[in-house]
Amino acid sequence: MPPAAGAPRHSAFITRPPMRVLFLCIHNSSRSQIAEAFARKLAPAGVVVMSAGTEPTGVHPRAVEVMREIGLDLSSQSSKHLRDVPWAECDTVVTLCGEAEETCPALAHDVRRVHWPLPDPSAVQGDAQKDAFRDARDEIRWRVASLWPRSG
């Protein structure tokens, strides 16, 4: 039985994992790129995975570096503008920063919108930046894995 009008809905991830997912962040340079790489590795066959930004700036070299540490290669990925991906066809849009939450386009009522407000590792300066990227990478890996839980 569907929930009563106005009643809160439980997470759709429990019954229906994403089949067409977009990871959205302003610059599409770090967090959304990392999420895209993990999703491509962890999602079941047939899932369409993409990332984009509203002001793409290129893939951050530090993101490439920390993903290479765990055997994932971002070198073939590129920053894309939201208008250059078929975001309207997605069933799930994951925003990875506060700014993306505010600039996310209007979505159809049946599109799940998930917000992961993660700190921008590129905002960290100096020697601590690499650790900030590793922390972001590890948090994103856990969150992406939760989108497609494995039965077992």
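Residues numbered from 1 in each chain as written. Predicted model: local features only at pLDDT ≥ 70, side-chain atom pairs only at ≥ 80, totals over all residues. Heavy atoms only, no water.

K.L.:
It is not clear to me how the overall build of the protein chain should be interpreted in this structure. Could you clarify?
P.N.:
Looking only at helices and strands, one finds four helices and four strands in the protein chain. Going through the 152 residues of the protein chain one by one, you find that 43% of them count as buried. For the protein chain, the proportion of contacts with a sequence separation of at least 24, taken over those separated by at least 6, is 71%. Of the roughly 8400 Å² of accessible surface on the protein chain, 54% is carried by carbon and sulfur atoms. (Helix = DSSP H or I, 4+ residues; strand = E, 2+ residues; numbered from the N terminus. Buried < 20%, exposed > 50% of the residue type's maximum accessible area, 1.4 Å probe, protein only. Contact = heavy atoms within 4.5 Å. Areas by Shrake-Rupley, 256 points an atom, 1.4 Å probe, with all protein chains shown as cover.)

K.L.:
What exactly am I supposed to notice about the packing of helix α2 (residues 61–68) against helix α4 (residues 129–147) here?
P.N.:
The packing of two helices is summarised by the inter-axis angle and the distance between the axes. Running from N to C, α2 and α4 cross one another at 65 degrees; their axes reach a closest spacing of 9 Å. Every pair of crossing elements has a handedness; the one defined by α2 and α4 is right-handed. Residue-level contacts link Arg62, Ala63, Glu65, Val66 and Met67 of α2 to Gln129, Lys130, Phe133, Arg134 and Arg137 of α4. Classifying every residue of the contact of α2 with α4 by side-chain character gives four nonpolar, one polar and five charged. (Axes fitted to C-alpha atoms, helices over the stretch in contact; angles between N-to-C directions. Left-handed = near helix turned anticlockwise from the far one by under 90°. Nonpolar A, V, L, I, M, F, W, Y, C, P; charged D, E, K, R; others polar.)

K.L.:
Looking at this structure, I do not really get the nonpolar core. What am I missing?
P.N.:
Soluble globular proteins tend to pack their nonpolar side chains together in the buried interior. In this structure, Phe23, Leu96, Trp116, Ile140, Val144 and Trp148 are the most contacted members of the largest nonpolar core, which totals 29 residues. Mapped by element, the contributors of at least two residues to this core are β1 (20–24), α1 (31–42), α2 and α4. By residue number, the principal contributor to this core is α1, which donates five residues. Leu22, Leu24, Leu82 and Val85 belong to the second-largest nonpolar core, a separate cluster that totals nine residues. (Core = buried A, V, L, I, M, F, W, Y, C linked by side-chain atoms within 4.5 Å.)

K.L.:
Hey, could you run me through α1 in this one?
P.N.:
Counting along an α-helix, one turn takes 3.6 residues, and residues three or four places apart therefore face a common direction. For α1, which comprises 12 residues, the first-to-last C-alpha distance of 16 Å matches the rise-based estimate of 16 Å (1.5 Å per residue) to within 8%. Counting buried positions along α1 yields nine of 12 residues, so the element is predominantly enclosed. Listed in full, the buried residues belonging to α1 are Arg31, Ser32, Gln33, Ile34, Ala35, Glu36, Ala37, Phe38 and Ala39. The elements touched by buried residues of α1 are β1, β2 (48–52), α2 and α4. (Expected span 1.5 Å × (residues − 1).)

K.L.:
Got a minute to help me understand α2 in this structure?
P.N.:
Of all the positions in α2, only Ala63, Val64, Val66 and Met67 are classed as buried. In the core, the buried residues of α2 are packed alongside α1 and α4.

K.L.:
For this particular structure, what's the right way to read the pattern of salt bridges?
P.N.:
Proximity of charged atoms lets side chains of opposite charge pair with each other. This structure, assessed with the given rule, holds 14 salt bridges. We note a salt bridge from Arg20 to Glu89, for which the minimum N-O separation is 2.9 Å. You can see Arg20 sitting in strand β1 and its partner Glu89 sitting in the loop between α2 and β3 (92–95), a full 69 residues away along the chain. The shortest N-O distance in the salt bridge between Glu36 and Lys80 comes to 3.7 Å. (Salt bridge = Lys/Arg side-chain N within 4 Å of Asp/Glu carboxyl O.)

K.L.:
Just checking my understanding: could you explain the confidence of the model for the protein chain for this structure?
P.N.:
Low pLDDT means the predicted atomic positions in that stretch should not be read closely. Overall, the predicted model of the protein chain reaches an average pLDDT of 85, with 81% of residues at or above 70. Mean pLDDT per element in the protein chain: helix α3 (residues 98–103) is the minimum at 58, and α2 is the maximum at 97. (pLDDT = per-residue confidence, 0-100.)

K.L.:
Got a minute to help me understand the sheet that holds β1 in this structure?
P.N.:
In any sheet, the strands associate via hydrogen bonds between backbone groups, in a parallel or an antiparallel arrangement. Taking strand neighbours across the sheet as the criterion, the four strands line up as β2-β1-β3-β4 in an open arrangement whose pairing is parallel. Strand pairing shows two members of the sheet lacking a second neighbour, β2 and β4 (112–115), which therefore form its edges. Neighbouring strand axes in the sheet, compared pairwise and without regard to direction, differ in orientation by 20 degrees on average. By the bridge criterion, five bridges tie β1 to β2 in an arrangement that is parallel. Following the sheet pairing, Arg20 is matched in β2 by Val48. Those strands touched by α1 are β1 and β2, and its axis lies near 170 degrees from that of β2. (Pairing = 2+ DSSP bridges.)

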